[in-house]
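These are the residues of each chain, in order.
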Amino acid sequence: MAQLLVVSNELAKKGNEHSFGLLELLPHEVTVTPSDTQALTDSAKADLVVLDGRADLAGARTMARLFASSGSTVPLLLILPESGLAALSAEWNLADFVLETAGPAEFDARIRLLIAQAANDAIICAGGITIDDAAYSATKDGEALDLTYTEFELLKYLVQHPGRVFSREHLLADVWGYDYYGGTRTVDVHIRRLRAKLGPDHEALIGTVRNVGYRFSPDAVRA
């Protein structure tokens, strides 16, 4: 049984978790919350967030962007009418969508697949580094790394994209967020701290590409 958080102003106003017919037919625990920042807090205990875009598609889009900008990793499933399909794009950062006309079997199948996929994606391994996003932990060859929140997010981001070069500006936008007003120097500081914590045998995993930025190279571990 999964923990579902349904984000919907209409359902929250009614104060009835089963006012959406499909929910009462599914073997999951359902919590309904309004479309506001409280949903971000409530999502910490959820396996899946269901965005109700049936009556307010624009509001659902706003919430999807809010979840993305907050760095939330909880999968987002959007329910919408067929007329709203043209509005969907990659910018929504959805894990999946389902039409409001879908039956309970399809709805449940999508939920189960998304949760299973999220569990698989929660653990990332490369270059002897293991990132467990669900447990919010990182290890180096099985040894726990003592990282701050930002160090963890930065290392996770790099490990998720092995071999790809990122500029300091790109890292600031994707790790620190667009609302961060500090300079790119903070990226250099955090990279230096990460290398120190990785130690001499693993510091080369995070390479510097001159005049460009940084790259995670899984094969750069010192023998």
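Colleague: Run through helix H5 (residues 149-160), naming residues and quoting values.
Modeller: Residues three or four positions apart in an α-helix share a direction because the helix packs 3.6 residues into each turn. Relative to the 16 Å expected for twelve residues at 1.5 Å per residue, H5 spans 16 Å between its end C-alpha atoms, a close match to the ideal helical length. Burial analysis of H5 places nine of its twelve residues in the buried class, the great majority of the element. Within the sequence span of H5, burial applies to Glu-151, Phe-152, Glu-153, Leu-154, Leu-155, Lys-156, Tyr-157, Leu-158 and Val-159.

Colleague: For the packing of aromatic side chains, give the residues involved together with the corresponding values.
Modeller: Across all of its chains, the model carries three aromatic pairs by this definition. Residues Tyr-136 and Tyr-149 carry aromatic rings whose centres are separated by 6.0 Å and whose planes lie at 5 degrees to one another, so their mutual orientation is stacked. Here Tyr-136 is found in the loop between strand E7 (129-132) and strand E8 (137-140), whereas its partner Tyr-149 is found in helix H5, with 13 residues between them in sequence. Residue classification places Tyr-136 among the partly exposed residues on the basis of a relative accessible area of 36%.

Colleague: Just give me the short version of the sheet that holds strand E4 (residues 76-80), but keep the residues and values in it.
Modeller: Two strands in a sheet stick together by hydrogen bonds in their backbones, pointing the same way (parallel) or opposite ways (antiparallel). Spatially, five strands are ordered E2-E1-E3-E4-E5 in an open sheet, and the strand pairing comes out parallel. In the strand order of this sheet, the two ends are held by strand E2 (29-33) and strand E5 (96-99), each with one partner. Ignoring strand direction, the axes of neighbouring strands in this sheet form an average angle of 25 degrees. With four bridges joining them, strand E3 (residues 48-52) and E4 adopt parallel strand pairing. Within the sheet, the bridge partner assigned to Leu-51 lies in E4 and is Leu-78. Packing of helix H3 (residues 57-70) onto the sheet brings it into contact with strand E1 (3-7), E3 and E4, and relative to E3 it is tilted by some 150 degrees.

Quick notes on the rules
Residues numbered from 1 in each chain as written. Predicted model: local features only at pLDDT ≥ 70, side-chain atom pairs only at ≥ 80, totals over all residues. Heavy atoms only, no water. Helix = DSSP H or I, 4+ residues; strand = E, 2+ residues; numbered from the N terminus. Expected span 1.5 Å × (residues − 1). Buried < 20%, exposed > 50% of the residue type's maximum accessible area, 1.4 Å probe, protein only. Phe/Tyr/Trp six-rings, centres within 6.5 Å; stacked < 30°, edge-to-face > 60°. Pairing = 2+ DSSP bridges. Axes fitted to C-alpha atoms, helices over the stretch in contact; angles between N-to-C directions. Contact = heavy atoms within 4.5 Å.

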